[in-house]
Amino acid sequence: MATTTAAQTDHAEQVHDKAKQALGFVPNLIKEMTTENPAVGDAYLTSQGLLQENGVLSPAEQQAVILAVSSYNDCHYCTKAHAV
């Protein structure tokens, strides 16, 4: 297990703040991603934002794709979260 530095902790907090601004809360997925490497959570949020702003799929279509991938991956947590 890697040692967490103060810089990583600060970066993780920044990513959590970014998630709160974008989503209204910090999903467990983001918390898990930022545990070892905050850059992973940051990259995920950035890519999600770019797809929402510049993608060709409507929000409903985006959710359908996320739901299909969650189901395919047999992730019951994500399937429930995106089935709303």
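All values derive from a computational prediction rather than experimental measurement.

Participant: I would appreciate a short explanation of the nonpolar core in the present structure.
Facilitator: Across soluble globular proteins, nonpolar side chains have a tendency to be buried as a group. Counting five residues, the largest nonpolar core is built from Val-15, Ala-19, Val-26, Ile-30 and Leu-45. The residues touching Ile-30, leaving out its near neighbours within four places in the chain, are Val-15, His-16, Ala-19, Gly-41, Tyr-44 and Leu-45.

Participant: Sorry if this is basic, but what is going on with the pattern of salt bridges here?
Facilitator: Between side chains of opposite charge, a pair can form when the charged atoms approach closely. The full count for this structure, using the stated rule, is one salt bridge. Residues Lys-18 and Asp-42 are paired through a salt bridge, measuring 2.8 Å at the closest nitrogen-oxygen approach. Of this pair, Lys-18 sits in helix H1 (residues 6-23) while Asp-42 sits in helix H3 (residues 38-54); the two residues are 24 residues apart in sequence, bridging distant segments of the chain. Look at Lys-18 and you get partly exposed, because its relative accessible area is 31%.

Participant: Is there a simple way to think about the layout of surface pockets in this case?
Facilitator: Think of a ball as big as a water molecule: rolled over the atoms, this probe shows where empty space is left. In this model, the largest pocket occupies a volume close to 700 Å³. Around the largest pocket, the lining comprises 26 residues; the ones closest to its centre are Leu-23, Tyr-44, Gln-48, Ile-66 and His-82. For the lining of the largest pocket, the secondary-structure elements that each account for two or more residues are H1, helix H2 (28-36), H3, helix H4 (59-72) and helix H5 (76-82). At six residues, the largest contribution of residues to the lining of the largest pocket is made by H3. Looking at side-chain class alone, the lining of the largest pocket contains 16 nonpolar, nine polar and one charged residues.

Participant: I tried to follow a nonpolar patch on the surface on my own but got confused; where do I start?
Facilitator: Nonpolar side chains collect at one region of the surface, where Val-56, Leu-57, Val-65 and Val-69 lie side by side and expose about 380 Å² of accessible area between them. As for its placement among the helices and strands, Val-65 is situated in helix H4.

Participant: Would you mind going over unusual backbone geometry with me for this structure?
Facilitator: Keep in mind that most residues, glycine aside, have a negative phi and that most peptide bonds are trans. Of note, Asp-74 is a non-glycine position whose phi angle comes to about 60°, a positive value. Relative to the helices and strands, Asp-74 resides in the loop between H4 and H5. The class of Asp-74 is exposed, set by a relative accessible area of 53%.

Participant: For this particular structure, what's the right way to read the side chain of Gln-62?
Facilitator: Structurally, Gln-62 can be placed in helix H4. By relative accessible area, Gln-62 is classed as buried at 18%. Once you skip the residues sitting within four places of it in the chain, Gln-62 turns out to touch Leu-51, Gln-52 and Leu-57.

Participant: Help me understand the side chain of Thr-34, please; the structure alone is not making it clear to me.
Facilitator: Relative to the assigned elements, Thr-34 resides in helix H2. Residue Thr-34 is classed as buried on the basis of its relative accessible area, which comes to 5%. Beyond its immediate stretch of four places on either side in the chain, Thr-34 contacts Ala-12, Val-15, His-16 and Gly-41.

Rules used in this analysis
- Residues numbered from 1 in each chain as written.
- Predicted model: local features only at pLDDT ≥ 70, side-chain atom pairs only at ≥ 80, totals over all residues.
- Heavy atoms only, no water.
- Core = buried A, V, L, I, M, F, W, Y, C linked by side-chain atoms within 4.5 Å.
- Buried < 20%, exposed > 50% of the residue type's maximum accessible area, 1.4 Å probe, protein only.
- Contact = heavy atoms within 4.5 Å.
- Salt bridge = Lys/Arg side-chain N within 4 Å of Asp/Glu carboxyl O.
- Helix = DSSP H or I, 4+ residues; strand = E, 2+ residues; numbered from the N terminus.
- 1 Å grid on protein atoms, 1.4 Å probe; cavity = no way out; pocket = protein on both sides within 12 Å on 5 of 7 lines; lining within 4 Å.
- Points joined across faces, edges and corners; volume = space filled by probe spheres on them.
- Nonpolar A, V, L, I, M, F, W, Y, C, P; charged D, E, K, R; others polar.
- Patch = residues over 30% accessible without salt bridge, like charges linked within 9 Å, V, L, I, M, F, W, Y side chains within 5 Å.
- Areas by Shrake-Rupley, 256 points an atom, 1.4 Å probe, with all protein chains shown as cover.

In short, shape yes, function no, at least from these values alone.
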